[in-house]
Amino acid sequence: MSQIPAADRLRRLLSLLPWVASHRGPTVEEVCDRFGLEPDELLSDVALVSMVGVPPYSPGDLFEVVVEEGRVWVHLSPSFDRALRLTPEEALALVAAGASLLAVPGADPGGPLARGLAKLAATLGIDPDDAFDIDLGHASAGVLATIQQATDEHRRLRLAYYTHGRDQHTEREVDPYRVHAEQGRWYLVGFDHLRDDVRLFRVDRILSAEALDASFQPPDELPSPELFEAGIDDPRVVLDLAPEAAWVVESYAVDEVETRADGRLRVTLPVSGRPWLERVLLQLGPRATVVRTRSDPALAHCGEEAAARLLARYESP
């Protein structure tokens, strides 16, 4: 019997059960042909459903799956015979999620999803355009479309990428695993052949994307790297922050936070690159004081040096 990831097996079951129930006793061969299963795999899946149902999980609330005389029968809980009733909160969440999908570049604003959401919004008495302000980032539509297509087709990409933390432009080849929106930005997760590791790329920092002829096989379990993962060897800087600069703790990865007697925060920040730290210190200005650095003493005065370079640009000849 072939082994598949648990998530894929669950998706298969969620498709198999309603199909079998609606076909009223299809043969084992029909089910196996439909879902690409061997008979022993089908029996193993059926065994998983024997104690599944809906609250309060009394005998009448459990699914019943029977295989006899070469046919498969699925009897769902009677609760599935009743029309689904959403609470106002659930319906509003559904409209918001659907509106997010419609905000994806290339989505059909007049398609079935849009029409269904319009009916649901009318029932709630809201206008989605007024009720929600959805911004999934400012990525180039052409770049995003190329990345999405390459991800679907399992084709390698050649990217021209700007690394914000190091202020560098690089060209690299990436096997794209997943494209998703998070915290108002589009991100690409993929295997970076330049770094020989799985990396996370902000799509709005991809200057160009070209799909190559080379193909790849994505892993069974897709990795989920964090937006920024500090390494053990990355340098650290210790800052004292004024109370109005407390947003730094919520905006960046922080190792340690200590509230001082004077109300200031002492935070330890991992540093992805000197250009990144310079921008943070210029933004904070007098609201931040560098207390000390770890592993890279040159970072102690990078804020003042960056400010001096910036001011020099405004000096008259």
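Our structure is the block above this text.
To start, this report covers the structure provided alongside it. Source: prediction; values computed, not measured.

Thresholds applied
- Residues numbered from 1 in each chain as written.
- Predicted model: local features only at pLDDT ≥ 70, side-chain atom pairs only at ≥ 80, totals over all residues.
- Heavy atoms only, no water.
- Helix = DSSP H or I, 4+ residues; strand = E, 2+ residues; numbered from the N terminus.
- Buried < 20%, exposed > 50% of the residue type's maximum accessible area, 1.4 Å probe, protein only.
- Contact = heavy atoms within 4.5 Å.
- Areas by Shrake-Rupley, 256 points an atom, 1.4 Å probe, with all protein chains shown as cover.
- Pairing = 2+ DSSP bridges.
- Axes fitted to C-alpha atoms, helices over the stretch in contact; angles between N-to-C directions.
- Salt bridge = Lys/Arg side-chain N within 4 Å of Asp/Glu carboxyl O.
- Polar contact = N/O pair within 3.5 Å; in protein donor to acceptor, adjacent residues only side chain to side chain.
- Phe/Tyr/Trp six-rings, centres within 6.5 Å; stacked < 30°, edge-to-face > 60°.
- Core = buried A, V, L, I, M, F, W, Y, C linked by side-chain atoms within 4.5 Å.

1. As for the overall build of the chain
Now for step 1: Scanning the chain from N- to C-terminus turns up 10 helices and 11 strands.
Now for step 2: Residues classed as buried in the chain amount to 34% of the 317 residues present.
Now for step 3: A separation threshold of at least 6 residues defines the contact pool for the chain, and within that pool the share at least 24 residues apart is 57%.
Now for step 4: When the accessible surface of the chain is split by element, carbon and sulfur atoms take 51% of a total near 19600 Å².

2. Points about the sheet that holds strand β6 (residues 197-202)
Now for step 1: Read from one edge of the open sheet, 5 strands run β6-β5-β4-β3-β7, paired in antiparallel fashion. Of all the strands in the sheet, the pair left with one neighbour each is β6 and β7 (206-215). On average, adjacent strands in this sheet sit at an angle of 45° to one another, irrespective of strand direction.
Now for step 2: Relative to strand β4 (residues 168-182), strand β3 (residues 155-163) runs antiparallel, the two sharing 7 bridges. By the bridge assignment, Y161 is partnered in β4 with T170.
Now for step 3: Packing against the sheet, helix α7 (residues 141-153) makes contact with β3, β4, β5 (185-192) and β7, and its axis sits at approximately 25° to β7.

3. Some thoughts on the pattern of salt bridges
Here the idea is simple: oppositely charged side chains can pair when their charged atoms come close.
Now for step 1: Using the criterion set out here, one finds 16 salt bridges in the structure.
Now for step 2: Its salt-bridge partner being R156, residue D175 comes within 2.9 Å of it at the nearest N-O pair. Here R156 lies in strand β3 and D175 lies in strand β4, a separation of 19 residues in the sequence.
Now for step 3: Measuring nitrogen to oxygen at the nearest pair gives 3.0 Å for the salt bridge that ties E278 to R309. Note that E278 is positioned in helix α9 (residues 274-284) and R309 in helix α10 (residues 302-312), a separation of 31 residues in sequence.
Now for step 4: Put simply, R156, R158, E171, E173, D175 and E210 are held in one network by salt bridges that share partners.

4. Here's the deal with the side chain of R236
Now for step 1: If you trace the backbone, R236 turns up in strand β8 (residues 236-241).
Now for step 2: Look at R236 and you get buried, because its relative accessible area is 13%.
Now for step 3: Side chain to side chain, R236 and D255 meet in a polar contact 2.6 Å long.

5. A few points about the packing of aromatic side chains
Two aromatic rings, taken as a pair, are described by how far apart their centres are and by the angle between their planes.
Now for step 1: Counted under the stated rule, the structure contains 3 aromatic pairs.
Now for step 2: A ring pair is formed by W19 and F35, whose centres lie 5.7 Å apart and whose planes are at 85°; its orientation type is edge-to-face. With W19 in helix α1 (residues 6-23) and F35 in helix α2 (residues 28-35), this pair connects stretches of sequence that are 16 residues apart.
Now for step 3: For W19, a relative accessible area of 16% puts it in the buried group.

6. So, the nonpolar core
Now for step 1: If you look at the biggest cluster of nonpolar residues, it comprises 17 residues, and the most contacted ones within it are L239, L241, L269, L277 and L284.
Now for step 2: Going through the elements one at a time, β8, β10 (265-270) and α9 are the ones with two or more residues in this core.
Now for step 3: In terms of residue count, α9 provides more of this core than any other element does, 5 residues in total.
Now for step 4: Apart from the residues within four sequence positions on either side, L239 is in contact with L265, R266, V267, L269, L281, L284, T289, V290 and V291.

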